[in-house]
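# Survey of secondary and tertiary structure
In case you want the letters, here they are:
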Amino acid sequence: MSMTTTLLAVIALSGWKGETVSFRHAATNRTGTAVLCAPAFANLPEGWSAKAGVLRGVRYSVEPWGEEKRIAPDRVAWNGTTNLLAGADCVTAGSVVIPPSAKAGDYAFSFNGEKVTMHVADRTLPPPKERKSAMNMWHNPFAIARMTGTKLWSDEHFEAMRPFMTFTAAWGQTGIFPSISDYPWNHQCYDGYTTMIRHIKNPKSGKWTFDYTVFDKWVQFNFDTGNGRGIECYSLCPWGYEVTWEDPTGHPNRLVAKPGTKEFEEYWGPFLKDFAKHLKEKGWFNDTYIAMDERSPEDVRYIVNFGRAKAPGLKISMPGNMSPEDVLSIGMENYCSILTHVSPEFCELARKRREQGLITTYYVCCGPSRPNTFLTSNSGEAYWLGLYPATCGLDGFLRWAWNSWGAKPNED
């Protein structure tokens, strides 16, 4: 097949030793006949690895919350092919892994018949386990079960998740995010999060027991695939305050357990004591946080004090939009601010917290509109999101969320 690029005569790349460099490349079929576009690399330097694919089109909203839809090539089918008519365009993708042992300098190879140059800087990207910054993209195992047609928490489900988890481990995922209540942030994504810990109450004796089977499997799976340094458990304060429990027959029950109420103390008090004991037996206690999502200072302050009384030593984390004064007075071990609330005062707070051994990061979600990583976002915005923490003294970045897909993510 004879393909010529419509954008670049030479694909010019650069990276550090140990870095993965990815790119898009547009080409047009000028053969005059239909051809099969099967992108591939050739003549890679010895010890290097790479993968090639074609991009499929997906529909997206022109504005984050808008109704107008357009189509963009944004879903990579690695090792994929596509049939091209004469004159048709093909958008391909390549991903090149520069080995840490590579020598600095300039290299050349080919991609889809086009020349590629790679400049390797005399700098080495540390392996994920040695990186100091926090990098968190919240996994959604419930979405993967639906999309792969596997039974939730079955062996087949875990195997289906392995490629996704290996991928996030490679970029340095530092967080594990188990759900310890149903719908910690309501059902705001298509595949809602349900609890990974069964709360079972005997209505006659009032005695509580807890089944940690799924929680243990999920946390261990994260560690086994190279993900995670901290286990952030959501949430003692779900949106709406509604929690669930089962009787010994498995019948579900629901109640509202708002911080400061008798219902809250009776539901979460026995759990925290038992949970702390379980974590210590697993060797995970020092890595675990009781987490909340965008809760009020009043709720957070109560839960921090309650948690420290019921399970001394168990840490607290939260992404939210509190003022620096509230963050300072509450004293959570791990606090993540939405980007729109990061100010010079907040950066000074982060500096003080770092001196105390506390973690301070920031996040984006469905907002702000810019900078972000929407299909409408400029690619430079993603670069800025990664660079920003280092320039203002924060400890890392969180993105809500990574794979909380819609109903048909391969199409829309």
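None of these values were measured; they are calculated from a predicted model.

Further remarks concern the overall build of the protein chain. Secondary structure assignment for the protein chain yields 8 helices and 24 strands. A globule of 412 residues ought to have a C-alpha radius of gyration of about 22 Å, and the protein chain, at 24 Å, matches this closely. Across its three principal axes, the protein chain shows a C-alpha extent of roughly 80 × 50 × 40 Å. Classification of the 412 residues of the protein chain by burial places 48% in the buried group.

That bond from Arg 370 to Pro 371 is cis: its omega, 0°, falls within 30 degrees of zero. Mapped onto the secondary structure, Pro 371 falls in the loop between strand 23 (359-364) and helix 8 (379-392). A cis amide bond, omega -15°, links Trp 400 with the succeeding residue Ala 401. Turning to its location among the elements, Ala 401 is positioned in the segment after strand 24 (396-399). The phi angle at Asn 186 is positive, at roughly 65°, despite the residue not being glycine.

Caution applies to low-pLDDT regions: their predicted coordinates should not be interpreted in detail. When pLDDT is averaged along the protein chain, the result is 93; 98% of the residues meet or exceed 70. Scored below 50 in pLDDT, residues 1-8 makes 29 contacts in the model with residues more than four places away or belonging to other chains.

This part is about the nonpolar core. Judged by nonpolar contacts, the single largest core of 78 residues is most densely connected at Phe 215, Trp 218, Trp 268, Phe 271, Phe 275, Met 332 and Tyr 362. Considering each element in turn, this core owes the most residues, 8 residues, to helix 4 (residues 262-282). Beyond its immediate chain neighbours, meaning those up to four positions away, Met 332 contacts Val 300, Val 304, Arg 308, Ile 316, Met 318, Met 322, Val 327, Arg 353 and Leu 358. With 15 residues, the next largest nonpolar core counts Ile 11, Trp 48, Ala 52 and Val 96 among its residues.

Here we come to the sheet that holds strand 24. Read across the sheet, 8 strands follow the order 12-24-23-22-21-20-17-13 without closing on themselves; strand pairing throughout is parallel. If you trace the sheet from one side to the other, it starts and ends with strand 12 (134-137) and strand 13 (175-176), each paired once. The pairing of strand 17 (residues 230-234) with strand 20 (residues 288-291) spans 4 bridges and is classified as parallel. The residue of strand 20 that forms the bridge with Glu 232 is Tyr 289.

Attention now goes to the pattern of salt bridges. Summed over the entire model, instances satisfying the criterion amount to 19 salt bridges. Taken together, the shared-partner salt bridges connect Arg 59, Lys 69 and Asp 412 into one network.

Moving on, we come to the side chain of Thr 168. Structurally, Thr 168 is set in helix 2 (residues 155-171). Sequence-distant contacts of Thr 168, defined by excluding residues within four places in its chain, comprise His 139, Gln 173, Asn 227 and Trp 402.

All right, on to the sheet that holds strand 2 (residues 11-17) then. The mixed open sheet is built from 4 strands, whose spatial order is 2-11-10-5. Since the sheet does not close on itself, it has two edges, and those belong to strand 2 and strand 5 (41-42), each with one partner. Of the pairings in the sheet, the one linking strand 2 to strand 11 (residues 114-124) comprises 6 bridges and is parallel in character. Bridge pairing in strand 11 places Ser 14 opposite His 119.

In this model, helix 8 (14 residues) spans 21 Å end to end at C-alpha, consistent with the 20 Å of a helix rising 1.5 Å per residue. In the structure, helix 8 departs most strongly from a straight axis at Gly 386, where the bend amounts to approximately 35° and where the proline Pro 389 lies between one and four residues downstream. Residues Glu 381, Leu 385, Tyr 388, Pro 389 and Cys 392 constitute the buried set of helix 8. If you follow the buried residues of helix 8, they end up packed against helix 7 (344-355), strand 23 and strand 24. Near the N-terminus of helix 8, the side chain that reaches the backbone nitrogen of Gly 380, with its oxygen 2.7 Å away, is that of Asn 378. Looking one or two places after helix 8, you find Gly 393, whose phi comes out positive at around 85°.

Here we come to the packing of helix 2 against helix 3 (residues 213-224). Running from N to C, helix 2 and helix 3 point in directions that differ by 35°, and their axes come no closer than 11 Å. Considering how the two elements wind past one another, helix 2 and helix 3 form a crossing that is right-handed. Contacts between helix 2 and helix 3 involve Asp 155, Phe 158, Met 161, Arg 162 and Met 165 from the former and Lys 217, Trp 218, Phe 221 and Asn 222 from the latter. Of the residues belonging to the contact of helix 2 with helix 3, the class tally is 5 nonpolar, 1 polar and 3 charged.

Looking at the secondary structure, you find Asn 334 in strand 22 (residues 334-338). Setting aside residues no more than four positions away along its own chain, Asn 334 makes contact with Glu 232, Tyr 289, Ile 316, Ser 317, Met 318, Arg 353 and Ile 359.

Our focus in this paragraph is helix 1 (residues 141-148). Of the positions making up helix 1, those classed as buried are Pro 141, Phe 142, Ala 143, Ile 144 and Ala 145. Where the residues of helix 1 are buried, they touch helix 2 and helix 3. At the C-terminal side of helix 1, Gly 149 shows a positive phi close to 65°.

With that settled, consider the packing of helix 4 against helix 5 (residues 297-310). Geometrically, a packed helix pair is captured by the angle between its two axes and the distance between the axes. It is at 9 Å that the axes of helix 4 and helix 5 come closest, and there the two elements cross at 45°. Classified by the angle their axes make, helix 4 and helix 5 are oblique. Like other packed secondary-structure pairs, helix 4 and helix 5 cross with a definite hand, here right-handed. Residues Phe 264, Glu 265, Trp 268, Gly 269, Leu 272 and Lys 273 of helix 4 touch helix 5, and the partners they reach there are Tyr 302, Ile 303, Phe 306, Gly 307 and Lys 310.

Calculation notes
- Residues numbered from 1 in each chain as written.
- Predicted model: local features only at pLDDT ≥ 70, side-chain atom pairs only at ≥ 80, totals over all residues.
- Heavy atoms only, no water.
- Helix = DSSP H or I, 4+ residues; strand = E, 2+ residues; numbered from the N terminus.
- Rg over C-alpha atoms; globule rule 2.2 N^0.38 Å.
- Buried < 20%, exposed > 50% of the residue type's maximum accessible area, 1.4 Å probe, protein only.
- pLDDT = per-residue confidence, 0-100.
- Contact = heavy atoms within 4.5 Å.
- Core = buried A, V, L, I, M, F, W, Y, C linked by side-chain atoms within 4.5 Å.
- Pairing = 2+ DSSP bridges.
- Salt bridge = Lys/Arg side-chain N within 4 Å of Asp/Glu carboxyl O.
- Expected span 1.5 Å × (residues − 1).
- Bend = angle between axes of the 7 residues up to and from the residue.
- Polar contact = N/O pair within 3.5 Å; in protein donor to acceptor, adjacent residues only side chain to side chain.
- Axes fitted to C-alpha atoms, helices over the stretch in contact; angles between N-to-C directions.
- Left-handed = near helix turned anticlockwise from the far one by under 90°.
- Nonpolar A, V, L, I, M, F, W, Y, C, P; charged D, E, K, R; others polar.
- Parallel < 35°, antiparallel > 145°, perpendicular 65-115°, else oblique.

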